[in-house]
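# Coordinate analysis (summary)
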Amino acid sequence: EHHPALPWIEMGAFMTDLRKQYGIAARALEFAILTAARPGEVRGATWAEIDLDNAIWIVPPERMKAGKEHRVPLSAKALELLKKQKEEFPGELVFPGSKVRDGKQTAMSDMTLTAVLRRMERKDITVHGFRSSFHDWASESTAYPNEMVEMALAHTIGNKVEAAYRRGDLFKKRCRMMNDWSSFCDTVIKAGEVIPMRGNAAA
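Residues numbered from 1 in each chain as written. Predicted model: local features only at pLDDT ≥ 70, side-chain atom pairs only at ≥ 80, totals over all residues. Heavy atoms only, no water.

## What to know about the overall build of the protein
This is how it is decided: Helix numbers and strand numbers start at the N terminus; a helix is a DSSP run of H or I with at least 4 residues, a strand a run of E with at least 2. Here the term buried applies to any residue with accessible area under 20% of the maximum for its type, exposed to any over 50%, and partly exposed to those in between, with areas from a 1.4 Å probe on protein chains only. For this analysis, residues touch if any pair of their heavy atoms sits within 4.5 Å.
A count of helices and strands for the protein gives 9 helices and 5 strands. In the protein, the order of α-helices and β-strands from amino to carboxyl end is α-α-α-β-β-β-α-β-β-α-α-α-α-α. For the protein, with 203 residues in total, the buried portion stands at 44%. Taking as baseline every contact in the protein between residues at least 6 positions apart, the subset at least 24 positions apart corresponds to 64%.

Written out as structure tokens, the structure is:
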């Protein structure tokens with residue numbers, strides 16, 4: 001399914017505006033962008049899945065679309081965001097909703113994240129579309145191999161032979177890629193500016 005996405009070259013300017021937005025939903029959207037995760041994975045994230053010391057977020061199989069555990073490298077910016085969240089919301093959920101049911105926090109709805117875009121007057125893009133922005137950035141302005149990008153997005157491998165031989169998840173290499181993505185998200189590109197290639201397939 002096609003999800004209207006922000007052009008990757010506009011990401012820095014968008015993130016500048018997003019960080020001016022108040023509220024937990026804005027921080028959840030920022031985290032989703034930095035990790036290239038699906039909105040549902042972010043909304044349901046728990047502190048039990050987060051290892052701040054080792055900068056890793058491990059999403060369990062039952063919360064993944066493909067039913068397989070997904071390890072997400074956390075950039076310095078993502079860690080900074082999480083540490084602030086931990087101070088304010090030390091309960092079970094990383095980004096809790098506003099309601100409490102039977103004494104437990106409830107996850108925010110998908111529309112809550114969409115509402116952030118509406119407040120920013122960005123009806124032209126979607127929350128899920130930021131995954132496409134990440135993919136386009138990696139494809140058009142970096143030397144990272146496509147298989148690494150697909151792993152970051154937790155896409156299912158369609159080729160059965162390839163799937164059988166691909167046993168690792170390139171985690172260490174993906175750490176560098178996600179830090180490069182985070183740095184790019186902090187970079188406001190001016191019209192006509194040349195963007196240097198990032199990443200090294202052999203790194």
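## Description of the sheet that holds strand E1 (residues 50–51)
Counted only if it meets this: A pair of strands is labelled paired if DSSP reports no fewer than 2 bridges between them. Helix axes use the C-alpha atoms of the stretch in contact, all axes being lines fitted to C-alpha atoms, and the angles between their N-to-C directions lie in the range 0 to 180 degrees.
Ordered by their spatial adjacency, 3 strands build an open sheet running E1-E2-E3, and the pairing between neighbours is antiparallel. Every interior strand has two partners, whereas the edge strands, E1 and strand E3 (70–73), have only one. Taken together, the 4 bridges between strand E2 (residues 56–59) and E3 define a ladder with antiparallel strand orientation. Bridged to Ile56 within E3 is Pro73. Each of E2 and E3 touches helix H9 (residues 171–185); the most contacted strand, E3, lies at about 45 degrees to it.

## Quick word on the pairing of E2
Bridge count between E1 and E2: 2 bridges; the pairing is antiparallel. If you follow Asp51 over to E2, its bridge partner there is Ile56.

## Considering the pattern of salt bridges
One side chain can pair with another of opposite charge once the charged atoms of both are near each other. For clarity, the cut-off: The working definition used for a salt bridge is a side-chain nitrogen of Lys or Arg within 4 Å of a carboxyl oxygen of Asp or Glu.
Counted by the stated rule, this structure contains 9 salt bridges. For Glu80, the salt bridge is made with Lys84, and the minimal N-O distance between the two is 3.6 Å. Of this pair, Glu80 and Lys84 both sit in helix H4 (residues 76–88), 4 residues apart, roughly one helical turn. Salt bridges sharing partners connect three or more residues here, namely Arg19, Arg27, Glu30, Lys77 and Asp186.

## What about the environment of Gln21?
Tracing the sequence through the fold places Gln21 in the loop between helix H1 (11–18) and helix H2 (24–35). Distance in space between the C-alpha atoms of Gln21 and Val116 is 7.9 Å, their sequence separation being 95 residues. When sequence neighbours within four positions are dropped, the list of residues in contact with Gln21 reads Ala26, Arg27, Arg119 and Met120.

## Remarks on the confidence of the model for the protein
A low pLDDT score tells you not to read the predicted coordinates there in detail. For clarity, the threshold we go by: pLDDT expresses how confident the predictor is about each individual residue, on a scale running from 0 to 100.
Per-residue pLDDT for the protein averages 88, and the proportion of residues at 70 or more is 84%. Here helix H8 (residues 160–165) stands out as the element of the protein with the lowest mean pLDDT, 45, in contrast to H2, whose mean of 98 is the highest. Within the model, the stretch residues 161–165 combines pLDDT values under 50 with 2 contacts to residues more than four positions away or in other chains.

## Re the packing of H1 against H9
For clarity, the threshold we go by: Small angles under 35 degrees read as roughly parallel and large ones over 145 as roughly antiparallel, with 65 to 115 read as roughly perpendicular and the rest as oblique. Residue polarity follows a fixed list, in which Ala, Val, Leu, Ile, Met, Phe, Trp, Tyr, Cys and Pro are nonpolar, Asp, Glu, Lys and Arg are charged, and the others, Gly among them, are polar.
One way to put it is that H1 packs onto H9 with a least axis distance of 7 Å and a crossing angle of 75 degrees. Relative to H9, the element H1 is oriented roughly perpendicular. Packed against H1, whose contacting residues are Met11, Gly12 and Met15, the element H9 presents Trp181, Phe184 and Cys185 at the interface. Considered class by class, the residues forming the contact of H1 with H9 number 5 nonpolar, 1 polar and no charged.

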